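# Observations on the model geometry
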Amino acid sequence: FTFWHYCRAETMNVTHAWDGAVVEMSMDGGDSWFQITPVGGYHKLIYSGSEAPFEPDTPCFAWTTDWTEVEFDLSAYEGSARIRFRFGSDGYYGFEGWYIDDINVTDDLASIDLDERDLEVIPIEFALHGVSPNPFSRTAVLAFDVPRTSRVVIDLFDVRGRVVETLADSVTEPGRYALTVGEGSGLPPGVYFLSMRAGSFSETWKIVVVK
């Protein structure tokens, strides 16, 4: 199993990274997953922290200098399998992320079917990733994740708790989304709060608008 990838995630030092990417496999139709290791291994370990996206010292990809081919030996496995790509972040700093292309599975003896559709990014949990940049003077980009079809409400509040603007209020399909904050609203300088609600999920971020 091979693919080409380009990874830009937040690293800590020569051995560890705050954010990272892993490849996982399921042999029971997606009920359970386990991490698989590429030939030559991963090149970083997840650093221990309260917001770490994976267990401490989980091997991961975090940074490549260019597009790189990765190979996995699957000869130890037999039967129908699913493979997924997971990118995790502690949410503090955002880098470019993880690009994947040219996925290929080869086996002279097996029957292999590959879905030719473009890969879809389906998050595994709800998340509000804050805005970038923050503080900002005119506009900023808000990123959030939706793992399953849900009604998503995102409101912008002032320090008195009044709703300044509703950025989203609709039933949203699974995926990763981005919205522009401040576009056309002319937000006065000050402190504001972004709140995202979806089912039982609720999270709030503080943002600062400057002159």
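Residues numbered from 1 in each chain as written. Predicted model: local features only at pLDDT ≥ 70, side-chain atom pairs only at ≥ 80, totals over all residues. Heavy atoms only, no water.

Moving on to the overall build of the chain. Helices and strands together make up the secondary structure of the chain, namely zero helices and 16 strands. Counting only C-alpha atoms and orienting by the principal axes, one finds that the chain spans roughly 65 × 40 × 30 Å. Within the chain, the fraction of its 211 residues that count as buried is 35%. Side-chain charges of the chain comprise 15 positive and 33 negative groups, with the mean position of each set lying 15 Å from the other. (Helix = DSSP H or I, 4+ residues; strand = E, 2+ residues; numbered from the N terminus. Buried < 20%, exposed > 50% of the residue type's maximum accessible area, 1.4 Å probe, protein only. Lys, Arg positive; Asp, Glu negative; His and termini not counted. Charge placed at Lys NZ, Arg CZ, Asp CG, Glu CD.)

Remark on secondary structure: sheet strands pair via backbone hydrogen bonds, oriented parallel or antiparallel. Strand order across the open sheet formed by three strands is β10-β11-β14, with antiparallel pairing between neighbours. Of all strands in the sheet, those with a lone pairing partner are β10 (127-132) and β14 (175-181), marking the two edges. The average angle at which neighbouring strand axes cross in this sheet is 20°, direction not considered. With seven bridges connecting them, strand β11 (residues 140-146) and β14 associate as antiparallel partners. Bridged to D145 within β14 is R176. (Pairing = 2+ DSSP bridges. Axes fitted to C-alpha atoms, helices over the stretch in contact; angles between N-to-C directions.)

Turning our attention to unusual backbone geometry. Cis geometry is adopted by the peptide bond preceding P133, which originates at S132 and carries an omega value of -5°. Among the secondary structure elements, P133 is positioned in the loop between β10 and β11. The peptide bond linking N134 to P135 adopts the cis configuration, its omega dihedral lying at 10°. For P135, the position within the fold is in the loop between β10 and β11. Of note in this structure, D57 is not a glycine but carries a positive phi near 70°.

This prediction gives the chain a mean pLDDT of 89; 92% of its residues lie at or above 70. Here β10 is the element of the chain with the lowest mean pLDDT, 86, and strand β6 (residues 59-60) is the one with the highest, 97. (pLDDT = per-residue confidence, 0-100.)

Moving on, we get to the environment of T15. In this structure, T15 sits in the loop between β1 (2-8) and β2 (16-17). Expressed as a C-alpha distance, the spacing of T15 and I46, which sit 31 residues apart in the sequence, is 8.8 Å. Of note is the side chain of T15, whose polar atom sits 2.7 Å from the side chain of H16. (Polar contact = N/O pair within 3.5 Å; in protein donor to acceptor, adjacent residues only side chain to side chain.)

Before going further, it helps to spend a moment on the nonpolar core. Of all hydrophobic cores here, the largest spans 22 residues; its most connected members are L142, F144, I154, V181, L194, M196 and I207. Taken together, the elements giving at least two residues each to this core come down to β10, β11, β12 (150-158), β13 (163-172), β15 (190-198) and β16 (201-209). Not counting the four nearest positions on each side in its chain, M196 is found in contact with F126, A127, L128, F144, D145, V152, V153, I154, F201, S202 and E203. Within the second largest apolar cluster, 19 residues are counted, among which are C7, A17, I36 and W98. (Core = buried A, V, L, I, M, F, W, Y, C linked by side-chain atoms within 4.5 Å. Contact = heavy atoms within 4.5 Å.)

One pass over the structure, following the stated rule, counts zero disulfides. For the unlinked cysteine C7, the closest cysteine sulfur is that of C60, found at 7.9 Å. For C7, a relative accessible area of 0% corresponds to the buried category. Classification of C60 by relative accessible area gives buried; the value is 0%. (Disulfide = S-S within 2.5 Å.)

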